[in-house]
Amino acid sequence: MTSLRVRIGILGMVLLAGSAAPASPAAAATTPSPTVEEQRLDRAVPREILERSGFDAVPLRFTRALGTARSYAEARKVVVRQGSALWKRAVDRAQGRGPAGGDLSRDDDRPLYWARLGMTREVRTWEPSFGLSEEQRAALLGELELTSRGQTAVRYPGGDRLKRVLVTGFDPFTLDRDIRISNPSGASALALDGTVIETAEGPARVETVVFPVRWQDFTDRTVERALRPYLKKVDLFTTVSQGRVGRFDVERTNGAWRGGFPDNDNVGVTGVVPVADPASQPQWTTTTLPYKAIVDADTGRFPVYDNTSVTEIPAGGTLPVVRADGPTAGSTARAGGGGNYLSNEIAYRVTLLRDRLGLHDALPGGHVHTPVLEFGAGNTDPATGTVTDPGFVQNRLDIIAQVRTILVVAVEKAT
């Protein structure tokens, strides 16, 4: 996620349950309002993406179902059921099951992103007759995030016949630069979830989850809560995000520093990555993926690099220094190989969790950056370009295929 890409939206749907008297200024001041991220839904590109995938009906259906709830408990059931259904529908569409719902290519991750925002906006602004406390609303939003991101749907079969692989992806981001953006890591997660890949060491079952591009969610330790239950059960994990143009990178080192680049709510945060037990927090964590084997293998169209670069403040120093060959002893992190945005942070958090669980030498895991997903020639201007084109689709398909092959190599060489 060192680069920047896409947003897409929905909801010219305002969903009134009937006509009501205009709110007074005092009442309007207390009315819940959509987030910056959710407000982008009203723009033309998100609406087009939703319409061309058939996902435009998802928020409407959700709103109707939520409107039937007569208590918080009933509302929670609606949220869990429909959030889970959204994730399943997105995975099914990506993997060719059921109707496409429109002419947007099945490999597209953007319908899931924008439909989810349509649902979270409804929960955030909903004012049911039975009343909803701030804590209850937050809990409903939390359930919706978990279920619609696949975080409650990870299932590995019992026995030793299959290897178990865990993969994470991200939402689109940098949407104010180009709201059309897609994130190939999220698209890879949808394409791979629940699939079995064949390796020389036998079959491997892949389960995936997707994370938001928001600093606050990471501060609230959504990554650790989602992944801790599985790290002792899997044979390999990799966090995946969009990185540099024209290349994959296996990031060797992750740093404990946030660089402040704005997230999807246009919030920037700078400082040490906040984790539990900060007194024992290391400045750096390292990959245990078989990076040399991945780099040396012919995995696809894009070159793959073993990225050893970091930015540090050397021990006793005051100014940041770029080190091509990794951090020096006693240095303070300012950027890992994957930068100092949320891709570096997820890599740092999960590898730190691996180490704190005593799995450093037992569990291969780390971070892979995909190439930037680029639009085709002649479709590079966000103001005049189309939401998709053949080159854009082919680029995404090639990246997804290469992520899958990288996983095959990683499983074979880590076993």
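Per chain, residue numbering runs from 1 following the sequence as it is written. At least 70 in pLDDT is required for a residue's local features to be given in this predicted model, at least 80 for side-chain atom pairs to be given and counted, and no such filter applies to totals for whole chains, interfaces and linings, which use all residues. The basis for the side-chain values is all heavy atoms of the structure; hydrogens and waters are excluded.

Provide a residue-level description of the sheet that holds strand β4 (residues 236-242), including the pertinent values.
In short, DSSP must find at least two bridges between two strands for them to pair. Numbered from the N terminus, helices here are DSSP runs of H or I no shorter than four residues, and strands are runs of E no shorter than two. Strand order in this open sheet of seven strands is β2-β3-β1-β4-β14-β5-β10, and the pairing throughout is mixed. Edge positions in the sheet fall to β2 (196-199) and β10 (304-307), since each has one partner strand and no second. Across the sheet, the axes of successive neighbouring strands diverge by a mean angle of 30°, strand direction being ignored. In what follows, residue pairs with any heavy atoms lying within 4.5 Å of each other are defined as contacts. Helix axes are fitted to C-alpha atoms over the stretch in contact, other axes to C-alpha atoms as well, and angles between N-to-C directions run from 0 to 180 degrees. Docked against the sheet, helix α13 (residues 390-414) engages β1 (163-170), β2, β3 (202-211), β4, β5 (248-251), β10 and β14 (365-370), running at close to 55° with respect to β2.

Talk me through the pattern of salt bridges; I want residue IDs and the actual numbers.
The term salt bridge refers to a pairing of a side-chain nitrogen on Lys or Arg with a carboxyl oxygen on Asp or Glu at a separation within 4 Å. Considering all chains together, one arrives at 31 salt bridges under this definition. Where arginine 110 meets aspartate 108, a salt bridge forms, and the shortest distance between an N and an O atom there is 2.7 Å. Both residues of the pair, arginine 110 and aspartate 108, count as buried. One salt bridge connects glutamate 145 with arginine 149, and the closest N-O pair in it is separated by 2.5 Å. The exposure class of glutamate 145 is buried, given its relative accessible area of 15%. Between buried and exposed lies partly exposed: a residue is buried under 20% and exposed over 50% of the maximum accessible area for its type, with that area taken using a 1.4 Å probe on protein chains only.

Summarise the nonpolar core; cite the residues concerned and give the values.
What we call a nonpolar core is a set of buried Ala, Val, Leu, Ile, Met, Phe, Trp, Tyr and Cys residues that are connected through their side-chain atoms within 4.5 Å. Ranked by size, the top nonpolar core spans 38 residues in total, and within it Phe62, Leu66, Trp114 and Val123 carry the most contacts. Put simply, the parts of the chain that give this core at least two residues each are α3 (44-51), α4 (57-67), α5 (72-94), α6 (110-125), α7 (134-148) and α8 (184-192). By residue number, the principal contributor to this core is α5, which donates eight residues. Val206, Val240, Phe392 and Ile399 belong to the second largest nonpolar core, which has 26 residues in total.

Talk me through the pairing of β14; I want residue IDs and the actual numbers.
With six of its six residues buried, β14 lies for the most part within the structure. As defined by bridge partners, β5 adjoins β14 across three bridges and the pair is classed as antiparallel. By the bridge assignment for β14, glutamate 251 is matched with histidine 367.

Tell me what's going on with α13, and back it up with residues and numbers.
The end-to-end C-alpha distance of α13 is 36 Å, a good match for the 36 Å that 25 residues give at a rise of 1.5 Å each. N or O atoms within 3.5 Å of each other form a polar contact, as long as, within protein, one can give a hydrogen and the other can take it, and as long as residues adjacent in sequence are counted only when both atoms are side-chain atoms. The N-capping residue of α13, defined by a side-chain oxygen 2.9 Å from the backbone nitrogen of glycine 391, is aspartate 389. A helix is expected to reach a length of 1.5 Å times the quantity of its residues less one.

Could you give an account of the packing of α5 against α7, naming the residues involved and the relevant values?
In the contact formed by α5 and α7, the axes pass within 7 Å of each other and the chain directions differ by 20°. In terms of axis orientation, α5 runs roughly parallel to α7. As for how α5 packs across α7, the hand of that crossing is right-handed. Along the contact surface, α5 presents Tyr72, Ala75, Arg76, Val79, Val80, Gly83, Ser84, Leu86 and Trp87, while α7 presents Gln136, Ala139, Leu140, Glu143, Leu144, Thr147 and Ser148. To sort the angles, those under 35 degrees are grouped as roughly parallel, those over 145 as roughly antiparallel, those from 65 to 115 as roughly perpendicular, and the leftovers as oblique. Should the near helix be turned counterclockwise from the far one by less than a right angle, the crossing is left-handed, whereas a clockwise turn marks it as right-handed.

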